[in-house]
Amino acid sequence: MPVMTYREALKSAMVAEMERDESVVMLGEDIGIYGGTHLITDGLFERFGPKRIIDTPIAEGGFTGAAIGMAMAGLRPIVEMMTWNFSFLAADQIIQNAAKLRYFSGGQVTVPLVIRGPNGGGVQLSAQHTHSLEGFYGHFPGLKVVSPVTPHDVKGMMLTAIRDPNPVIFLEAGALYGTKGEVPEGDFAVPFGEARVAREGRDISLIAYGRQVNMVLKIADKLAAEEGVEAEVIDLRSIRPFDEGTILESVRKTNRAVVVQEQWRYYSVASEVAALIQEQAFDHLDAPVERVSGEEVPAPYARNLEVAAFPSEQQILDAAHRALYRKV
Amino acid sequence: MATTQRAGKKQRQTEQDGLTAVAEALGFDEETLRGLYRKMVLIRLFEDAAQRTFRQGKIGGYLHVYSGQEAVATGFLAAFQEGDRAITAYRDHAHALLLGSDPKAVMAELFGRGTGLVKGKGGSMHLFDVANGLWGGYGIVGGHIPLGVGMAYAERYWGSDAVVQLYLGDGAIHNAAYHEAANLAGLWGRDGLNPTLFILENNQYGMGTSVERATAMTDLAAKFDSYAIEHEKVDGMDLVAVLACAQRVTERVRETGKPYAVEALTYRLVAHGAGDFFEKYRTKEEVRTWRERDPIGLFEQKLLAAGVADEQGLGAIRDEAKQIVDEAVRFADESPEPPLEELHTDVYADAE
Ligand SMILES: Cc1ncc(C[n+]2csc(CCOP(=O)(O)OP(=O)(O)O)c2C)c(N)n1
Ligand SMILES: [Mg+2]
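K.L.:
Hey, could you run me through the coordination of the magnesium ion (ligand 2) in this one?
P.N.:
Tetrahedral coordination by four donors places them ideally at 109.5 degrees to one another around the metal; octahedral coordination by six donors ideally gives 90 or 180 degrees. Residue and element names in this part refer to chain B. Here the magnesium ion (ligand 2) is held by the protein donor atoms D170 (OD), N203 (OD1) and Y205 (O), which lie 2.0 to 2.1 Å from it. All donor residues of the magnesium ion (ligand 2) come from one chain, and their arrangement in sequence is D-x32-N-x1-Y. Note that D170 is positioned in the loop between β3 (164-169) and α7 (176-189) and Y205 in strand β5 (residues 205-206), a separation of 35 residues in sequence. Of the two residues, D170 and Y205, both sit in the buried class.

Structural data, given as structure tokens:
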């Protein structure tokens, strides 16, 4: 199987769909002549021209709203948020229009739209440029929200996103654009609403999404090697629709769960996972569900503070030990 | 230091007149003029050092430097009085240095150290020095514009005659925050309740997007017409022109309590961010042409022509500035990281 970077895999899905479907267009800041600030769209302007690769001024509310209008009129726009931090300027359009148009038009309108860009922190961009928005966008009915972490999934889920007749919030693991993985050739859409079992195990379920999945996988290997504990790792990857089945099945088997996320704990994805488990797998639990989240502060700049603001290996390990009733 | 040796004799003569006339009108003595040169040189060397240490991995995140635009903030902040306020976006190092922040504390902030201007919590994009009149340092394009307008209202509400210097980029003028806030400024200014001085730093690009590729109406100053805010343009590479303009318009805003806008035509001589290596959006030729009008070289020529300084004197000023910057880097390097307890402080203010 070919090996490619997350960046290449993501781009290959968009190129394939643009080749296949004339209604697909792209909008965003510096995606054309500049090549994209994260080089996701490098070369596409030359390939598809200015009518399909639309460079915009810094006007997130305007161009995201216009993309919704394009979608209402038969196009399939892909909007690049240079980073998701700027989507707050477009949040009114996303939440008030994209998410609800289908509903309040009584089913007359479709909005086949993808909004994509890097999400999450870890590179010292400090308070205004560091957010993990899974919980935020996941809150709104009418949106689909995904968060792929492997090159394989970013391609497969982008294919699904572009073909979906609904607005899709596509949260990329910005810190992982350069990471490599196996990606099948050709057309393999990864359906939404299915979590991925990234590692099988019987003793404890470690549940994460985004770049924390890789961290959790490392910890699972460590637990196996040093303590003989076989952890199951679940990569949620689809935030809405939410795959309840895979989580419940895993916890019914392992009887213990730790949920890890970069975002803040209050009103978050981990809260949702923990609530689901206690509602539907209460009798299977041998320990309270643990949550490991970002610290309840805006993201700091200084390296040491930023590291301390996000879940660490030690915190996850400690949480696993608590759930396993092992000495910490 | 890039210079403008190519400037013709005739041009130099007019510029010399310009310098002398402007300095006289502003009451600037020779020492003050040399001081302004020193400030611009300090900014340039500071930014060079920041980019260098960024490449060495000592500065993280984003780093946007001011090289090429020195004359704008140097000129406008020369008209800044105690009690005035300045607010800008993320290209903010120069503003801090000019307002009197300690270069050591500014560099330490870029290094993410506990001795930094905001304790290492904000980094390059979020410089604040409230005691000296710097109200940030913002990372979201356009997001600070309404704040400046609101501060201006508050000043007049309390009866002060302070002016708010509100810096914004050419890229920031196409979003809602600008249009909504400019409208408010015009509206409140009608009643003398909005002493905002909009300083639009048109450095020709918002990242890789030129002004012409961002709007069909490229006269950016004229955009203020929509909100009944009077405006003018100034050559932002020419410190003397900026000084003259800044004094005049600042006084006017102070007297009337009405907003005013100046579009400073300037140029970013380096990449948008220190981590950007591609400049596909502009030609080397274009950069070279602008470099001939490097604001520091231009001012140097004027000082020499007017006999305010000689080569040796300018050299001494540059050496002095270099020492300050070296010392700032050393200080930042040797400073400790912020204590971990700082992670949880400053989230909320305590009740008084
Ligand atoms: C709302 C928002 N969108 C996008 C960005 C990313 N971004 C950072 S700087 C910049 C260009 C801004 O250009 P301009 O206002 O002209 O200022 P300059 O960088 O030229 O000083 C962009 C697009 C941002 N910070 N905020
Ligand atoms: Mg600009």
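K.L.:
Explain the side chain of H272(B) here, please?
P.N.:
Residues and elements named next belong to chain B. Tracing the chain through its elements places H272 in the loop between β8 (260-265) and α10 (284-291). Under the relative-accessibility criterion, H272 is labelled buried at 6%. Here the side chain of H272 touches R91 through a polar contact of 3.2 Å, side chain to side chain.

K.L.:
Help me understand the pattern of salt bridges, please; the structure alone is not making it clear to me.
P.N.:
All names here are of chain A. Per the counting criterion, the structure on display carries 46 salt bridges over all chains. Across the salt bridge formed by K144 and D164, the nearest N and O atoms sit 2.8 Å from each other. Of this pair, K144 sits in strand β6 (residues 144-146) while D164 sits in the loop between α7 (151-163) and β7 (168-173), placing them 20 residues apart in sequence. We classify K144 as partly exposed; its relative accessible area is 22%. Classification of D164 by relative accessible area gives buried; the value is 8%.

K.L.:
Looking at this structure, I do not really get the interface of chain A and chain B. What am I missing?
P.N.:
Put simply, an interface is often sized by how much accessible area is lost when its parts join up. Contact with chain A, which involves 35 residues of that partner, is made by 39 residues of chain B. In total, chain A and chain B occlude about 3000 Å² of area from one another, counting both sides; carbon and sulfur atoms represent 62% of this. The three residues of chain A that bury the most area against chain B are Y34(A), I58(A) and Y301(A), which together make up 24% of that side's buried surface. Linking chain A to chain B there are two salt bridges. On inspection of chain A and its partner chain B, the count reaches 13 residue pairs in polar contact (both at pLDDT 80 or more). Here the element with the most residues in the side of chain A that touches chain B is helix α11 (residues 303-309) of chain A; it accounts for four residues. Residue composition of the side of chain A that touches chain B, by class: 20 nonpolar, nine polar and six charged.

K.L.:
For this particular structure, what's the right way to read the nonpolar core?
P.N.:
Nonpolar side chains tend to gather and get buried jointly when the protein is soluble and globular. Counting residues in each nonpolar core, the largest one holds 73 residues, and the members touching the most others are L33(B), F76(B), M107(B), L197(B), F299(B) and L303(B). Examining the composition of this core, we find that 12 residues originate from one element, helix α2 (residues 30-55) of chain B, more than from any other. Contact partners of L197(B), with chain neighbours within four places excluded, come to F76(B), V163(B), V164(B), Q165(B), L166(B), V249(B), T250(B), V253(B), Y260(B) and V262(B). Grouped together as the second largest cluster of nonpolar side chains are 55 residues, I53(A), V183(A), F192(A) and I316(A) included.

Reading the values: rules and limits
- Within any chain, residue numbers begin from 1 and follow the written order of that chain's sequence.
- Lettering for chains starts from A, numbering for ligands starts from 1, and both go in the order in which the items are written.
- Only residues with pLDDT of at least 70 are given local features in this predicted model, and only at 80 or more are side-chain atom pairs given and counted; all residues enter the totals for whole chains, interfaces and linings.
- Side-chain measures were taken over the full set of non-hydrogen atoms in the model, leaving aside hydrogen atoms and water.
- Distances define the donors: N, O and S atoms within 2.8 Å of the metal qualify, as do those within 3.2 Å of Na, K or Ca. Water is excluded, so some sites may look unfinished.
- Helix and strand labels come from DSSP, where a helix needs a run of H or I of at least four residues and a strand needs a run of E of at least two; each type is numbered from the N terminus.
- When accessible area is computed with a 1.4 Å probe and restricted to protein chains, residues below 20% of their type maximum are described as buried, those above 50% as exposed, and intermediate ones as partly exposed.
- Polar contacts here mean pairs of N or O atoms no more than 3.5 Å apart (in protein, one a potential hydrogen donor and the other a potential acceptor; neighbouring residues in sequence count only if both atoms are side-chain atoms).
- Salt bridges are identified by distance alone: a Lys or Arg side-chain nitrogen within 4 Å of an Asp or Glu carboxyl oxygen.
- Contacts were defined at the residue level, with two residues in contact if any of their heavy atoms lie within 4.5 Å.
- Accessible area, probed at 1.4 Å, shrinks when two parts are joined; the buried area is that loss added up over both.
- Under the scheme applied, nonpolar residues are Ala, Val, Leu, Ile, Met, Phe, Trp, Tyr, Cys and Pro; charged residues are Asp, Glu, Lys and Arg; polar residues are all the others, including Gly.
- For this analysis, a nonpolar core means a set of buried residues of the types Ala, Val, Leu, Ile, Met, Phe, Trp, Tyr and Cys, connected via side-chain atoms within 4.5 Å.

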